[in-house]
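# Report on the structure
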Amino acid sequence: MEFAETFSFHRVFSSHMVLQREQPIRFSGKATPGKSVTLAFAGEERRVSAGADGEWTAEFPAMRAGGPYTLTLSGAPGVQPILFDDILIGEVWMCTGQSNMEMPVYSENPFWQTLNAREELKKADHPRIRFYNSMLTRRIAPDGPLPEENGTGWQPCNAETVAQFSACGYFFGRTLEEDLDVPIGLVATAWGGTIIEAWISQRKFQEKSWEPFVEQSSVDAMWRELRNSGEFQSLFEWLDNFDALGRADSALFQRDADVSNWQKITAPSLSLPCPGRYLVRAEFDLPESFAGQDVTLETGVFNDTDRTFLNSELIGSTGLEHPAYWNVSRRYRVPARLLRPGRNCVVIEVDNHYSTGSANLSNWKISDETDSLEFQPVSCWTTIFTVPAGFPLRPNVPTPGSGRTPDGPNYPSTLFNGMLYPWFRYTIRGTIWYQGCSNNGEFTYYPLHKMLIDDLREHWKDPEMPFLLVQLAAYHSHNPETRLQDAMFDNLPFPEFSAYGLTREIQAEMPRVRRNVGMISAFDRGDHSDIHPRDKQTVGMRLAKKAEQMVYGKEQVADGPVFAGIRKEGPRFRILFHNTGSGLTTSDGKAPTGFVLGNRTGDLYPAKAEIDGDTVVLSTPLVPEPQRVRYAFTGYCRVNLCNKEGYPALPFRSDKPDFEAMFPDIP
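Quick caveat: nothing in here was measured; it's all calculated off a predicted structure.

## Focus: the overall build of the protein
Along the protein, the regular secondary structure elements total twelve helices and 36 strands. Taken over the C-alpha trace, the protein has a radius of gyration of 27 Å; the compact-globule value for 667 residues is 26 Å, and the two agree within 12%. If you line up the protein on its principal axes, its C-alpha atoms span 90 × 65 × 50 Å. Across the 667 residues that make up the protein, the buried fraction comes to 56%. For the protein, the exposed surface amounts to about 27,500 Å²; the carbon and sulfur share of it is 48%. Considering the protein, the positive charge centre built from 66 side chains and the negative charge centre built from 84 side chains are found 4 Å apart.

## Considering the sheet that holds strand β34 (residues 628-631)
Pairing is antiparallel in the open sheet, where four strands are placed in the order β31-β30-β34-β36. The sheet is open, and its two edges are formed by β31 (604-606) and β36 (652-653), each paired on a single side. Note that strand β30 (residues 595-598) and β34 share four bridges and pair antiparallel. Within β34, the position partnered with G598 by the bridge is R628.

## Some words on a nonpolar patch on the surface
There is a patch of nonpolar side chains on the surface, built from F443, F497 and M662 and spanning about 270 Å² of accessible area. For F497, the location among the structural elements is in the loop between β25 (467-471) and α10 (499-513).

## A word on the pairing of strand β9 (residues 126-133)
The element β9 is extensively covered by neighbouring structure, given that six of its eight residues are classed as buried. Here three bridges tie β9 to strand β10 (residues 155-157), and the two strands are oriented antiparallel to one another. Its bridge partner being in β10, R130 is matched across the sheet by P156.

## So, the packing of aromatic side chains
Tallying each qualifying case throughout the model produces 41 aromatic pairs. Aromatic pair W199 and W433: ring centres 6.1 Å apart, planes at 90 degrees, arrangement edge-to-face. Pair noted here: W199 is in the loop between β11 (184-188) and α5 (202-207) and W433 is in strand β24 (residues 430-434), with a separation of 234 residues, a long-range link. Note on W433: relative accessible area 1%, which makes it buried.

## Quick word on the side chain of K545
Here K545 is to be found in helix α11 (residues 536-550). Among the polar contacts made by the side chain of K545, one reaches the side chain of D179 at a distance of 2.7 Å.

## Considerations on the pattern of salt bridges
A complete count under the given rule lists 52 salt bridges for this structure. Between E509 and R512 there is a salt bridge whose closest N-O contact spans 2.6 Å. Of this pair, E509 and R512 both sit in helix α10, three residues apart, which is roughly one turn of that helix. For R512, a relative accessible area of 55% corresponds to the exposed category. Put simply, R525 and D535 hold a salt bridge, and the shortest N to O gap is 3.1 Å. Residue R525 is found in the loop between β26 (517-521) and α11, and its partner D535 is found in the loop between β26 and α11; the two are separated by ten residues along the sequence. Overall, the relative accessible area of 31% leaves R525 in the partly exposed class. By sharing partners, the salt bridges in this structure join R203, K204, E207, K208 and E458 into a single network.

## Side note on the pairing of strand β3 (residues 25-31)
Side-chain positions along a regular strand alternate between the two faces of the sheet. Most of β3 is tucked away, with five of its seven residues classed as buried. Bridge count for strand β1 (residues 7-9) against β3 is three bridges, and the pairing is antiparallel. For F7, the partnering residue across the bridge sits in β3 and is A31. Pairing geometry for β3 and strand β6 (residues 55-60), over six bridges, is antiparallel. Looking at β6, one finds that F27 is bridged to A58.

## Brief notes about the state of the cysteines
According to the stated counting rule, one finds zero disulfides in the structure shown. We note that C437 lacks a disulfide partner, and the nearest cysteine sulfur, in C168, lies 13 Å from it. Counting only cysteine sulfurs, C642 is the nearest neighbor of C637, a cysteine outside any disulfide, at a range of 14 Å.

## Overview of α11
The end-to-end C-alpha distance of α11 is 21 Å, a good match for the 21 Å that 15 residues give at a rise of 1.5 Å each. Most of α11 is tucked away: twelve of the 15 residues are buried. Listed in full, the buried residues belonging to α11 are K536, Q537, T538, V539, G540, R542, L543, A544, K545, K546, A547 and E548. Taking the backbone nitrogen of Q537 as reference, a side-chain oxygen 3.4 Å away marks D535 as the first, capping residue of α11.

## Concerning the nonpolar core
Of all hydrophobic cores here, the largest spans 70 residues; its most connected members are M17, F27, L39, F41, W56 and Y426. Ranked by residues supplied to this core, first place goes to helix α9 (residues 445-459) with seven residues. Excluding residues within four positions of it along the chain, F41 makes contact with L19, I25, F27, F60, M63, Y69, T70, L71, I87 and I89.

## With respect to the packing of helix α4 (residues 167-180) against α11
Where α4 meets α11, the closest approach of the two axes is 7 Å, and the angle between their N-to-C directions is 45 degrees. Judged by the inter-axis angle, α4 sits oblique to α11. Once α4 is placed against α11, the crossing between them reads as right-handed. Taken together, the residues of α11 that come into contact with α4 (itself represented by A167, C168, F171, F172, T175, L176, D179 and L180) are K536, Q537, V539, G540, M541, L543, A544, K545, A547 and E548. Of the residues contributing to the contact of α4 with α11, the split by class is eleven nonpolar, three polar and four charged.

Conventions used here
- Residues numbered from 1 in each chain as written.
- Predicted model: local features only at pLDDT ≥ 70, side-chain atom pairs only at ≥ 80, totals over all residues.
- Heavy atoms only, no water.
- Helix = DSSP H or I, 4+ residues; strand = E, 2+ residues; numbered from the N terminus.
- Rg over C-alpha atoms; globule rule 2.2 N^0.38 Å.
- Buried < 20%, exposed > 50% of the residue type's maximum accessible area, 1.4 Å probe, protein only.
- Areas by Shrake-Rupley, 256 points an atom, 1.4 Å probe, with all protein chains shown as cover.
- Lys, Arg positive; Asp, Glu negative; His and termini not counted.
- Charge placed at Lys NZ, Arg CZ, Asp CG, Glu CD.
- Pairing = 2+ DSSP bridges.
- Patch = residues over 30% accessible without salt bridge, like charges linked within 9 Å, V, L, I, M, F, W, Y side chains within 5 Å.
- Salt bridge = Lys/Arg side-chain N within 4 Å of Asp/Glu carboxyl O.
- Phe/Tyr/Trp six-rings, centres within 6.5 Å; stacked < 30°, edge-to-face > 60°.
- Polar contact = N/O pair within 3.5 Å; in protein donor to acceptor, adjacent residues only side chain to side chain.
- Disulfide = S-S within 2.5 Å.
- Expected span 1.5 Å × (residues − 1).
- Core = buried A, V, L, I, M, F, W, Y, C linked by side-chain atoms within 4.5 Å.
- Contact = heavy atoms within 4.5 Å.
- Axes fitted to C-alpha atoms, helices over the stretch in contact; angles between N-to-C directions.
- Parallel < 35°, antiparallel > 145°, perpendicular 65-115°, else oblique.
- Left-handed = near helix turned anticlockwise from the far one by under 90°.
- Nonpolar A, V, L, I, M, F, W, Y, C, P; charged D, E, K, R; others polar.

Okay, here's the thing in structure tokens:
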């Protein structure tokens, strides 16, 4: 068998990775079609051939937790082998969802970091925890699955790498590493503000004959309307003040500019550490075949806005008028007159408005009508300015299209294709999922959530792959800088319909309708004035404890009290619970709060609540013959009922609808 002259691993594999223990270990990659490669790992060797599509796969036996190991991929004699080192065997989890899973351990934005963030960084040296942070190089893919990951590879956990990683995922992994005493690998693919439809495959939609929305808007008309609105005036004022902080010297955009003091970029992407303005310079050699042709240059995502110059001339820009501008892959037309034989120079001015930004420096593409070339440019960067201390946060305002076009992250299946699909070749233990706000109040979230769980399991070829979800935290409205008064919620009435109540209710159904699904509550960790509550330590810990109980067989309490029924006793209701652990109590030693009683129809009234053994007795003179009861079934209220192990009672309503009857076609 002839050996391959060209060969590679798929990009989900790298040095520092953690491979799933106690399951067959599979590596895969690309090589010259029909030719062989040799892999050496953990004292064993495999020789495999690439198929007609250039794909090869090699399998090694399951292993116990341990390491470090090295992995070598070699081909034809004289060709440099590929060596990965510092590989561990342990537990691997996918961390995905929307912004509360994306929220990092630390950022410069005080409302976009976990509790005690700086202190957490000081104690983040955990060499047996490894991260793959796909959130830094995230991509949409509306046209179909992408075969390759775009990230920078696996990294050991330390203060630098943990800062931008999912706080929820990190605290989950940290607890597991401490309790299980094995290496932990965590992959983060979360994307803020996204709907569940974006994470489900087109195949699953077709299988269920489900037509996800496709909303095409008149973006130009929407932009004209938005920019004339009052709320946009504050944004334009902020942008003027931002721009006044500093402008790049025009000489820096020239092809012959002196960049000897700029920082070189060797990674596939550049992380922009804080809000500010940056210049990225990238050079590439133009093949002769493109000479004299108009071409299209595709450079990927630059977060948030950009102006792009080629050989000293502006070729395009992406600003706030573009739908989902912060996540759009840049594609600019280049006239033939600008291109030079040999070395060409691109300079990109990147404005980062929020927290940590990014600039993509891998998989650039140049194409004409007949040919295309993918490449990684030689690049460097410099800072024009970063915003000073005390500079106001950028106002949050609507954006054209709200990302629901093919160019945005809420297009059906686009994140399944772009963020998840490359990982189905990588064996994992399970998934942790924190999402729901962007589908808030939708009854269809029930069948869609079942479809998501089934879809992930089918693509990972693991029909009972563990799936752990976070039930949404308590929340009223997003005003982190001008917080509401706590006293406002002392006597706030419960609405008859609560969008958040419905979403949490649907989430609580998932462990009942799907095997090996667990849920933890974040209700008591919520913040009435911030949709991103900062206590991710507790959320991550609860997820880990649930995983230890459900997946790893630890006999421990990992759930809060769950509504089990009602016993009517004259004018009183006695509420029965499962999962009471060592007994019911309250977190503050006071009487339980958050209960309301009502007639079959009409208003709901706060109820006096008393713990009696493993039950709670409710009454109110305003409802002498109660017909229904609700607990925390609202956006935000104060709650304190829990078991003695500290796990909070789950929100509920006794008049819950029959979701199975509503959606009989999706069992």
